[in-house]
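Each chain, letter by letter, is given below.
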Amino acid sequence: MSRRMISVLAAALTFSTAAFAGNISQEEYDAIAERIKPVGDVYLAGAEPVAAEPSGPRDGASVYGTFCIACHASGVSGAPKTGDAGDWAPRIAQGRDVLNNHAINGFNAMPAKGSCMDCSDDEIIAAIDHMIEGL
């Protein structure tokens, strides 16, 4: 082929691609962008983004939903089920100080703070309040 013919084909291909790109709707563009977006991010050691620190104490429902629910929703290993007065009555009868102490320091199969090592004692107590509210 001659150089002129190759140049014409290259120009036709370039302009036809540009014309196609100009005729797609915003929805089609968004769909394409969604399909080709990266799955994750790669950072060099030491250049990772800094995670935001919590702005304040977490409420009992948040702590429960993140850490406590795994055992207390179904009663795994004898954990008292959330909202079940029969499960909680003997524990509450021992007094609130004992209940709080067991939750903070661990008791039987429950690890200290239910594995929430970055929870404050007040956050753990708020989670207990959440589990026993309405009993």
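Parameters at a glance
- Residues numbered from 1 in each chain as written.
- Predicted model: local features only at pLDDT ≥ 70, side-chain atom pairs only at ≥ 80, totals over all residues.
- Heavy atoms only, no water.
- Helix = DSSP H or I, 4+ residues; strand = E, 2+ residues; numbered from the N terminus.
- Rg over C-alpha atoms; globule rule 2.2 N^0.38 Å.
- Expected span 1.5 Å × (residues − 1).
- Bend = angle between axes of the 7 residues up to and from the residue.
- Buried < 20%, exposed > 50% of the residue type's maximum accessible area, 1.4 Å probe, protein only.
- Contact = heavy atoms within 4.5 Å.
- Salt bridge = Lys/Arg side-chain N within 4 Å of Asp/Glu carboxyl O.
- 1 Å grid on protein atoms, 1.4 Å probe; cavity = no way out; pocket = protein on both sides within 12 Å on 5 of 7 lines; lining within 4 Å.
- Points joined across faces, edges and corners; volume = space filled by probe spheres on them.
- Nonpolar A, V, L, I, M, F, W, Y, C, P; charged D, E, K, R; others polar.
- Axes fitted to C-alpha atoms, helices over the stretch in contact; angles between N-to-C directions.
- Left-handed = near helix turned anticlockwise from the far one by under 90°.

Looking at the overall build of the protein
And step 1. Within the protein one finds 6 helices and 0 strands.
And step 2. The helix and strand sequence of the protein, counted from the amino end, reads α-α-α-α-α-α.
And step 3. Relative to a compact globule of 135 residues, whose C-alpha radius of gyration would be 14 Å, the protein shows 29 Å and is clearly more extended.
And step 4. Taken along its principal axes, the extent of the C-alpha atoms in the protein is 95 × 35 × 30 Å.

A few points about helix H3 (residues 60–72)
And step 1. With 13 residues, H3 should cover 18 Å at 1.5 Å per step; its first-to-last C-alpha distance of 13 Å lies more than 12% under that length.
And step 2. Within H3, the axis deviates most sharply at Thr66, by approximately 55 degrees.
And step 3. Along H3, the residues that are buried comprise Gly60, Val63, Tyr64, Cys68 and His72.
And step 4. Against the buried residues of H3 lie helix H4 (85–93) and helix H6 (121–132).

Notes on the pattern of salt bridges
Opposite charge on two side chains allows them to pair when their charged atoms are near.
And step 1. Taken as a whole and assessed by the stated rule, the structure comprises 7 salt bridges.
And step 2. For Lys37, the salt bridge goes to Glu34, with nearest N and O atoms at 3.2 Å.
And step 3. Among the salt bridges present, the one from Asp129 reaches Arg96, with a minimum N-O distance of 2.4 Å. Residue Asp129 is found in helix H6, and its partner Arg96 is found in helix H5 (residues 96–105); the two are separated by 33 residues along the sequence.
And step 4. By sharing partners, the salt bridges in this structure join Arg58, Asp118 and Glu123 into a single network.

A closer look at the layout of surface pockets
It is a probe the size of a water molecule, rolled over the atoms, that shows where empty space is left.
And step 1. Here the largest pocket is characterised by a volume of approximately 560 Å³.
And step 2. His72, Ala79, Pro80, Phe107 and Met110 are the residues nearest the centre of the largest pocket, which is lined by 26 residues in total.
And step 3. Every element with two or more residues in the lining of the largest pocket is listed here: H3, H4, H5 and H6.
And step 4. Residue composition of the lining of the largest pocket, grouped by class: 17 nonpolar, 7 polar and 2 charged.

A short note on the packing of H5 against H6
Relative placement of two packed helices is described by the angle separating their axes and the distance separating the axes.
And step 1. Remark: H5 packs on H6, axes separated minimally by 10 Å, with the N-to-C direction vectors making an angle of 115 degrees. Relative to H6, the crossing made by H5 is right-handed. Between H5 and H6, the residues in contact are Arg96, Leu99, Asn100, Ala103 and Ile104 and Asp121, Ile124, Ile125, Ile128, Asp129 and Ile132, respectively.
And step 2. The class makeup of the residues in the contact of H5 with H6 is 7 nonpolar, 1 polar and 3 charged.

Treat this as a map of the structure, not an account of what it does.
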